[in-house]
Amino acid sequence: MRVITLQCFLFVALHPLGDAFVSAFSSVLRTRTFYKQSVLGMSKSETSASFTHEEDDGCLDRRKALIKSMGGVAAISAASLSIISSNPSLALAEETKVQKILVAGATGQTGRRVLERLAAKSGITVVAGVRNVEKATASLSESSTVVRGAMIQKVGSVDTSAVTFARLDVVKDSVDAIAQTLAGVDSLVIATGFIPGNPLKMNDEAHKVDNLGTVTLIDAAKKAGVKKVVMVSSILTNGREWGQAKSPGFVITNAFGNVLDEKIIAENYLRKSGLDYTIVRPGGLKAKPPTGALKISGEDTLNSGEISRDLVADVCVASLTDSKVSNKVLEIIEETEGGPKVFNGLNM
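Please read all numbers here as calculations on a predicted model, not as lab measurements.

Here is what the cut-offs are and how they apply
Residues numbered from 1 in each chain as written. Predicted model: local features only at pLDDT ≥ 70, side-chain atom pairs only at ≥ 80, totals over all residues. Heavy atoms only, no water. Helix = DSSP H or I, 4+ residues; strand = E, 2+ residues; numbered from the N terminus. Buried < 20%, exposed > 50% of the residue type's maximum accessible area, 1.4 Å probe, protein only. Contact = heavy atoms within 4.5 Å. Areas by Shrake-Rupley, 256 points an atom, 1.4 Å probe, with all protein chains shown as cover. Core = buried A, V, L, I, M, F, W, Y, C linked by side-chain atoms within 4.5 Å. Salt bridge = Lys/Arg side-chain N within 4 Å of Asp/Glu carboxyl O. pLDDT = per-residue confidence, 0-100. Axes fitted to C-alpha atoms, helices over the stretch in contact; angles between N-to-C directions. Parallel < 35°, antiparallel > 145°, perpendicular 65-115°, else oblique. Nonpolar A, V, L, I, M, F, W, Y, C, P; charged D, E, K, R; others polar. Pairing = 2+ DSSP bridges. Polar contact = N/O pair within 3.5 Å; in protein donor to acceptor, adjacent residues only side chain to side chain.

**Comments concerning the overall build of the chain**
Right, on to step 1. A tally of regular secondary structure across the chain gives 12 helices and 18 strands.
Right, on to step 2. For the chain, buried positions account for 52% of its 348 residues.
Right, on to step 3. The contacts of the chain with a sequence gap of at least 6 include a subset with a gap of at least 24, amounting to 77%.
Right, on to step 4. Split by element, the accessible area of the chain, about 15300 Å² in all, is 52% carbon and sulfur.

**What about unusual backbone geometry?**
Right, on to step 1. In this structure, Asn258 takes a positive phi of about 50° despite not being glycine.
Right, on to step 2. In this fold, Asn258 is placed in the loop between α10 (248–254) and α11 (259–271).
Right, on to step 3. When its relative accessible area of 31% is taken as the criterion, Asn258 is described as partly exposed.
Right, on to step 4. Positioned with a positive phi, Asn327 is a non-glycine residue whose angle comes to about 55°.

**So, the nonpolar core**
Right, on to step 1. Core analysis: the biggest nonpolar cluster contains 36 residues, and Val114, Leu115, Leu118 and Ile332 have the highest contact counts within it.
Right, on to step 2. A per-element tally of this core places helix α12 (residues 309–319) first, with six residues.
Right, on to step 3. Listed in part, the 25 residues of the second largest apolar core include Leu102, Leu188, Ile190 and Ala266.

**Digging into the side chain of Glu267**
Right, on to step 1. Locating Glu267 in the fold gives a position in helix α11.
Right, on to step 2. With residues up to four places along the chain from it excluded, the contact list for Glu267 reads Met231, Ser233, Thr237, Ile279 and Arg281.

**What to know about the pattern of salt bridges**
Right, on to step 1. Enumeration according to the criterion identifies 17 salt bridges in this entry.
Right, on to step 2. For Asp176, the salt bridge is made with Lys223, and the minimal N-O distance between the two is 2.1 Å. Placement of the pair is Asp176 in helix α8 (residues 175–181) and Lys223 in helix α9 (residues 202–224), with a sequence separation of 47 residues.
Right, on to step 3. Glu299 is paired through a salt bridge with Arg271; the nearest N and O atoms lie 2.7 Å apart. Of this pair, Glu299 sits in the loop between β16 (294–297) and β17 (306–308) while Arg271 sits in helix α11; the two residues are 28 residues apart in sequence, bridging distant segments of the chain.
Right, on to step 4. Overall, the relative accessible area of 30% leaves Arg271 in the partly exposed class.
Right, on to step 5. Taken together, the shared-partner salt bridges connect Arg113, Glu116, Arg117, Asp310 and Asp314 into one network.

**What about the confidence of the model for the chain?**
Right, on to step 1. Per-residue confidence for the chain gives a mean pLDDT of 77, with 66% of residues at or over 70.
Right, on to step 2. Low pLDDT, under 50, characterises residues 1–94; the predicted model gives this stretch 159 contacts beyond four residues in sequence or across chains.
Right, on to step 3. Taken as a whole, residues 344–348 scores under 50 in pLDDT and shows 18 contacts with residues more than four places along the chain or in a different chain.

**Points about the packing of α9 against α11**
Right, on to step 1. Following both chains from N to C, one finds α9 and α11 inclined at 10°, their axes separated by 9 Å at the closest point. The orientation of α9 with respect to α11, classified from their angle, is roughly parallel. Between α9, through Asn203, Ala206, His207, Asp210, Asn211, Thr214, Val215, Ile218 and Asp219, and α11, the contact on the second element is made entirely by Val259, Glu262, Lys263, Ile265, Ala266, Tyr269 and Leu270.
Right, on to step 2. Here the contact of α9 with α11 is composed, by residue class, of eight nonpolar, four polar and four charged.

**Concerning the environment of Lys286**
Right, on to step 1. Counting through the fold element by element, Lys286 comes out in strand β15 (residues 284–286).
Right, on to step 2. Distance from Lys286 to Leu311, taken between C-alpha atoms, is 9.8 Å for residues 25 residues apart in sequence.

**Details of the pairing of strand β14 (residues 276–282)**
Right, on to step 1. A large share of β14 lies buried, amounting to six of its seven residues.
Right, on to step 2. Of the strand pairs in this sheet, strand β13 (residues 228–232) and β14 are connected by five bridges, and their pairing is parallel. Of the residues in β14, the one forming a bridge with Met231 is Ile279.

**Overview of the environment of Pro289**
Right, on to step 1. Inspection of the secondary structure puts Pro289 in the loop between β15 and β16.
Right, on to step 2. Spatially, the C-alpha atom of Pro289 lies 6.4 Å from that of Asp310, the residues being 21 residues apart in sequence.

**Regarding the side chain of Lys263**
Right, on to step 1. The residue Lys263 is located in helix α11 in this model.
Right, on to step 2. Assessed through its relative accessible area of 13%, Lys263 is described here as buried.
Right, on to step 3. Separated by 2.9 Å, the side chains of Lys263 and Asp210 make a polar contact.
Right, on to step 4. Not counting chain neighbours up to four residues away, the residues in contact with Lys263 comprise Asp210, Val232, Ser233, Ser234 and Thr237.

Rendered as structure tokens:
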């Protein structure tokens, strides 16, 4: 079986002969067959649904796949994240020895997408870490429009027949209790985050979930012997340190509970924990399928742009098994004509 993963494209961007590789691959990346057979072990129909946008008249809007170097880091197309040309269901097992993965925040908009992708793969055990197992089982199995705090979310159902549910509350549970939940887990995806609601309580909630709760989860992961942690964060999390404290994206996002200031504390804690980590910082999150190519940039480089949660989930899944993103921060948005013009962390 032929498998080309994210690390190959990072190599292309970083290697002195990267331009030659880009030229060789560019024609392949634009073909219809490539798009339909190339992404993370998904079927042809799933690939089309996740990485292209189909208008009402049935006309398929294929975006040109791009590979660029940007500040020494990769900018790659959505389809280039993981190329699997045959027997894709075995790709994860062959790339890594990971056997058990827990997704914390599995009922959230991004967490459920990560869960869905992992559950479709063979050879691994997938655990959904949730606050209430009964409610989570029901909510994941149904498509609905729900109001969560200040946000209206449209969610699709997830096939959880291959998923094990485990209670996990980063606010209420102790390190020891969460460590027991993580027993035997090889890899952890942290997709938790506070939900904006009561303006008088947002600061406290963001502090409890995105800071203290995430730190507790990291401590528990270390105690349980987890080998890999992928954390979903946000671009501009470290905005104060690179002159973005007054940028529109930072000001608007941080107005909700000072969430960026809370997230950076948890990020730094993870980086100092000794665990193998990948921090994924998406731009403004969209529930709709992607309409542009995936752009991956380096740490503290993006201050605007939006991205489909589908692509965020794909990057998280790829990061679990790709050694090239070990102990790295990836900032991700969708390519747009003329460059990114908006950042709206609440665009659900």
